[in-house]
Amino acid sequence: SNVKSIVKELTNYLISADSDFKKELSNKICQICEKYAPNKKWHIDTVVKVLTLTDAHMREEYISQIITVIATTPELHQYSVTKVYYAMKENLNQIGLVQLGVWLVGEFGEMLVNGSCKNPDGNPIIVDDSEIIDIYEHILKDHNKRGERSDIVIMWALTALSKLSIRIGQINPVKPENSHA
């Protein structure tokens with residue numbers, strides 16, 4: 001009954017926790033969410049918040065778990081892709097969040113482009129497909145320099161781009177800087 005207040009306190013502590021404790025705490029928060037979440041939206045919001053605060057500290061099983069929660073809850077697809085896309089865009093250094101974001105945009109990115117996602121006021125959110133491509137280009141360049149977990153991000157990003165090219169249909173290719181085409 002008090003899971004929201006307990007998780008809020010634990011999440012607030014993540015901001016100041018040392019790196020070793022951050023890993024343990026972020027994973028415990030995800031365990032609590034899995035068992036005691038009052039609803040799926042709160043579960044998604046909490047895991048996204050933890051991902052914005054913990055870099056590579058969260059175990060991949062919890063990223064897979066939140067993907068399952070989102071994938072099996074169609075009424076939260078638009079909400080989730082919007083929330084995670086904007087969180088990822090602002091936190092491209094958070095590898096767990098980027099991992100979740102590239103998967104979500106690959107699965108549901110057409111909702112960002114076609115205006116079916118809504119802001120809290122109910123107005124459509126429309127993201128230009130070139131903005132998505134720019135973010136993916138940045139992710140691919142940045143993660144090309146990192147380790148094993150970045151290899152997963154690169155694979156997921158490439159898979160997401162191939163899905164987007166089919167679903168959106170008219171993704172503009174990234175042109176070389178000196179191109180006049």
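Residues numbered from 1 in each chain as written. Predicted model: local features only at pLDDT ≥ 70, side-chain atom pairs only at ≥ 80, totals over all residues. Heavy atoms only, no water.

A. Geometry of the overall build of the protein chain. Looking only at helices and strands, the protein chain features eight helices and two strands. When the elements of the protein chain are put in sequence order from the N terminus, they spell out α-α-α-α-α-α-β-β-α-α. Per-residue burial for the protein chain yields a buried fraction of 45% across its 181 residues. Within the protein chain, counting contacts between residues at least 6 apart in sequence, those at least 24 apart form 68% of the total. If you sum the accessible surface of the protein chain, you get close to 9800 Å²; carbon and sulfur atoms cover 51% of it. (Helix = DSSP H or I, 4+ residues; strand = E, 2+ residues; numbered from the N terminus. Buried < 20%, exposed > 50% of the residue type's maximum accessible area, 1.4 Å probe, protein only. Contact = heavy atoms within 4.5 Å. Areas by Shrake-Rupley, 256 points an atom, 1.4 Å probe, with all protein chains shown as cover.)

B. Expanded view of the nonpolar core. In terms of nonpolar packing, the biggest core is built from 50 residues, with Met88, Leu100 and Val105 touching the most fellow members. Of all the secondary-structure elements, those providing two or more residues to this core are α1 (3–14), α2 (19–36), α3 (40–54), α4 (60–71), α5 (77–90), α6 (95–114), α7 (129–143) and α8 (148–168). What Met88 contacts, discounting residues up to four positions off in sequence, is Leu97, Val98, Gly101, Val102, Val105, Ile135 and Ile139. (Core = buried A, V, L, I, M, F, W, Y, C linked by side-chain atoms within 4.5 Å.)

C. Summary view of the pattern of salt bridges. Enumeration according to the criterion identifies five salt bridges in this entry. The salt bridge partner of Lys83 is Asp45, with a shortest N-O separation of 3.7 Å. Of this pair, Lys83 sits in helix α5 while Asp45 sits in helix α3, placing them 38 residues apart in sequence. A salt bridge links Glu107 to Lys163; its shortest N-O distance comes to 2.1 Å. With Glu107 in helix α6 and Lys163 in helix α8, the pair connects residues that are 56 residues apart, well separated along the chain. For Glu107, a relative accessible area of 17% corresponds to the buried category. For Lys163, a relative accessible area of 24% puts it in the partly exposed group. (Salt bridge = Lys/Arg side-chain N within 4 Å of Asp/Glu carboxyl O.)

By themselves, these figures tell us nothing about what the structure is for.
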